[in-house]
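Residue strings, one per chain:
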Amino acid sequence: MLRFFVAPLLFAGVLASCAPRQQIQTAEQMVTVTPMLVKVSEAAPRGGQVVIQGRYLGGPNIGKVRLGADERGTGGYVFPANAVVSWTDSQIVLTIPADAPIGGSWLFVEVGAKRSTGLPYSVRQ
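Residues numbered from 1 in each chain as written. Predicted model: local features only at pLDDT ≥ 70, side-chain atom pairs only at ≥ 80, totals over all residues. Heavy atoms only, no water.

Under the annotation held in an unreviewed UniProt entry, the protein chain carries the name IPT/TIG domain-containing protein and is attributed to Deinococcus rufus.

Structural data, given as structure tokens:
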């Protein structure tokens, strides 16, 4: 009787040790498509709202919006998470925080490690 019980356990152990190991992917590794901005609303003052339309914009858990210091998106101001009013894969609505830089700049969306195309945007006084 013991022989009939032990043999299946040994066989199951051998199968389990041969199974491929799963790697856990981070959110950044799962993003494979570069976000693309299509349209941004008109300039707004601090406290106003900015609406960004595009494709593959991800979501607030893995994305961020940056008012870039230059046309490549380096430097600049990152909108805090509490500025997000709504965020879907095709539209982001943000409230412009009181500490956002005033003036013209470039706007980018970053999803995981992918940065979108940029669009010019100005925060009015």
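1. Focus: the pattern of salt bridges
Applying the stated criterion across every chain, the model contains 3 salt bridges. Ionic pairing is found between Glu110 and Lys64, a salt bridge with its closest N-O pair at 3.7 Å. Residue Glu110 is found in strand β8 (residues 103–111), and its partner Lys64 is found in strand β4 (residues 63–68); the two are separated by 46 residues along the sequence. The class of Glu110 is buried, set by a relative accessible area of 8%. Of the residues examined, Lys64 reaches a relative accessible area of 35% and is grouped as partly exposed. Here Arg115 and Glu110 are joined by a salt bridge, their closest N and O atoms 3.3 Å apart. Judged by its relative accessible area of 34%, Arg115 is partly exposed. A network of salt bridges, in which partner residues are shared, links Lys64, Arg66, Glu110 and Arg115. (Salt bridge = Lys/Arg side-chain N within 4 Å of Asp/Glu carboxyl O. Helix = DSSP H or I, 4+ residues; strand = E, 2+ residues; numbered from the N terminus. Buried < 20%, exposed > 50% of the residue type's maximum accessible area, 1.4 Å probe, protein only.)

2. Overview of unusual backbone geometry
Although it is not a glycine, Tyr56 sits at a positive phi angle of roughly 60 degrees. Its place among the elements puts Tyr56 in the loop between β3 (49–55) and β4.

3. So, a nonpolar patch on the surface
Judged by side-chain polarity, Val33, Met36, Val38 and Tyr56 come together as a nonpolar surface patch covering roughly 330 Å² of accessible area. Examined against the element boundaries, Val38 turns out to sit in strand β1 (residues 36–40). Judged by relative accessible area, which is 54%, Val38 ranks as exposed. (Patch = residues over 30% accessible without salt bridge, like charges linked within 9 Å, V, L, I, M, F, W, Y side chains within 5 Å. Areas by Shrake-Rupley, 256 points an atom, 1.4 Å probe, with all protein chains shown as cover.)

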